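# Observations on the model geometry
So the chains spell out like this:
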Amino acid sequence: MARMQVTTEARKVVVHAAGGHDKLRVEAQSVPAPGPGQVRIDVKAIGVNYADAIVRMGLYASAKEYVGWPITPGFEVAGTVGAVGEGVDLAIGAPVFAVTRFGGYASHVVVDRAYVFAKPATLSFEQAAALPTVYMTAWYALFELAHPRRGAKILVHSAAGGVGSALVQMAKRAGCEVTGVVGRTAKVPVVEALGADHVIDKSTQDLWREAQRLAPEGFDVILDANGVATLGASYRHLRRTGKLVVYGFHSMMPKTGGKPNWPKLALDYVRTPRFNPLDMTNDSKSVMAFNLSYLFDRKELLAEAMRDILAWIAAGEVAPPAVTTYPLADVARAHADIESGKTTGKLVLVP
Ligand SMILES: NC(=O)c1ccc[n+]([C@@H]2O[C@H](COP(=O)([O-])OP(=O)(O)OC[C@H]3O[C@@H](n4cnc5c(N)ncnc54)[C@H](OP(=O)(O)O)[C@@H]3O)[C@@H](O)[C@H]2O)c1
């Protein structure tokens, strides 16, 4: 028999078909009940990710694979335990945060116990909701894939954003020399404050000339979610033995309007570099890639990542995410803002 707390109003964001910001509808929902081994979270904060906009546009492969239409986007929430199914060890009312494979944009969310983590008292609900996706992405990219050594030269594209902020801090903690790249001058102090050794402002500087100056032999690791705009040059600016970690393609996407520009998308797809294993071997360079939503079933990996991340935050070695909050009703504005390329840190919805 499930234990639960009585709740009143329940809402979720629903996207019925691919499209622009007007497709984000806030609708009433019935409060979901947890099954055995599951937890219902009464949500106080929801993390927004750039990927949520791609889901809305209908271009996110794993969303099509696991959900289809209609879909409620959202990879992460924080709140209190509202109800538990059989076999769950959590107290009603306990403050928690969780990862979700979609479905997070809601006032009440049911997830398996394995995806729920105790919220440290030092983190606000907003910070806790903002944490899992981008910090786990950065952890996986750096410590499962790239394995940088102390002193390694690392270049982080989009360094003031959600994932970028986490990458800069974690690479610094690992003793690396970090160069952050940003697309707007206003973001430079943000990346400096995160501890980057160098910041390249590509709105005023020649990105690759600066990169060449900072790492004449090339970088040990480059982390690139731009896609076609920089992938080829990122590969060329690796040193021998260097590693390129690819985890996004946002330069294919529009900064305004919320809808894909199909001819540009098709052209960018064709122009995206194809890396040849023969060349990679001769160059002694690696290209690696991943999508966190396919790691959802690797529960032991997610638990290990979260253990490290929470320990580093508790020790003050990595700061919690900087957040900007929006009411859930303003979800369209949050999407427009993250797509604009102007935001820094993380955006969070408050239901
Ligand atoms: N593979 C995975 O598992 C995984 C997981 C999480 C995130 N991601 C990817 O990581 C990237 C960052 O995600 P996030 O949520 O942390 O977002 P974010 O970095 O906070 O925001 C996106 C940033 O990308 C840059 N950008 C946006 N649109 C662009 C465009 N059309 N052309 C060039 N640059 C553009 C802008 O920064 P600058 O102008 O300063 O560069 C913008 O601030 C996204 O591509 C996302 O899809 C992948």
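A brief structural summary. Given the structure is predicted, the values throughout are model-derived calculations rather than measurements. (Residues numbered from 1 in each chain as written. Predicted model: local features only at pLDDT ≥ 70, side-chain atom pairs only at ≥ 80, totals over all residues. Heavy atoms only, no water.)

## Observations regarding the packing of helix α4 (residues 132-146) against helix α5 (residues 162-173)
Put simply, α4 and α5 touch, their axes get as near as 8 Å, and they point 50° apart. Comparing the axis directions of α4 and α5 gives the class oblique. Crossing hand, α4 versus α5: right-handed. Of α5, the residues touching α4 (which contributes Val134, Tyr135, Thr137, Ala138, Trp139, Ala141, Leu142 and Phe143) are Gly162, Val163, Ala166, Leu167, Gln169, Met170 and Ala171. Grouping the amino acids of the contact of α4 with α5 by side-chain chemistry returns 12 nonpolar, 3 polar and no charged. (Axes fitted to C-alpha atoms, helices over the stretch in contact; angles between N-to-C directions. Helix = DSSP H or I, 4+ residues; strand = E, 2+ residues; numbered from the N terminus. Parallel < 35°, antiparallel > 145°, perpendicular 65-115°, else oblique. Left-handed = near helix turned anticlockwise from the far one by under 90°. Contact = heavy atoms within 4.5 Å. Nonpolar A, V, L, I, M, F, W, Y, C, P; charged D, E, K, R; others polar.)

## Quick notes on the side chain of Thr230
Within the secondary structure, Thr230 sits in the loop between β12 (219-224) and α8 (231-236). Those residues within four positions of Thr230 in sequence are excluded, and the remaining contacts are His157, Leu207, Trp208 and Asp224.

## Considerations on the site of the ligand
In the neighbourhood of the ligand, 25 residues make up the surrounding shell, with Ser158, Val163, Gly183, Tyr247 and Leu292 lying closest. Note that an oxygen atom of the ligand is positioned 2.8 Å from one of the backbone N or O atoms of Val163. At 2.8 Å from an oxygen atom of the ligand is found a main-chain nitrogen or oxygen belonging to Gly183. Isolated, the ligand exposes 910 Å² of accessible area, and the fraction of that covered by the protein chains is 93%. Mapped onto the shell around the ligand, the elements with two or more residues apiece are α4 and α5. (Near = heavy atom within 4 Å. Polar contact = N/O pair within 3.5 Å; in protein donor to acceptor, adjacent residues only side chain to side chain. Areas by Shrake-Rupley, 256 points an atom, 1.4 Å probe, with all protein chains shown as cover.)

## Quick word on the pairing of strand β9 (residues 153-156)
By the bridge criterion, 4 bridges tie β9 to strand β10 (residues 177-182) in an arrangement that is parallel. If you follow Lys153 over to β10, its bridge partner there is Glu177. Once you follow β9 into α5 and on to β10, the crossover reads as right-handed. Here β9 runs beside β12; their pairing, made up of 3 bridges, is parallel. Note that in β12 the partner of Val156 across the bridge is Leu223. (Pairing = 2+ DSSP bridges. Right-handed = clockwise from strand over helix to strand, strands pointing away.)

## Here we look at unusual backbone geometry
A cis amide bond links Trp69 with the next residue in sequence, Pro70, at an omega value of -5°. Relative to the elements of secondary structure, Pro70 occurs in the loop between α2 (61-66) and β5 (76-84). We note that Phe102 has phi near 75°; this positive angle belongs to a residue other than glycine. With respect to the helices, strands and loops of the structure, Phe102 is situated in the loop between β6 (95-99) and β7 (108-112). Exposure remark for Phe102: the relative accessible area of 6% places this residue in the buried category. In this model, Thr241 sits at a positive phi of 80°, which is unusual for a non-glycine residue. (Buried < 20%, exposed > 50% of the residue type's maximum accessible area, 1.4 Å probe, protein only.)

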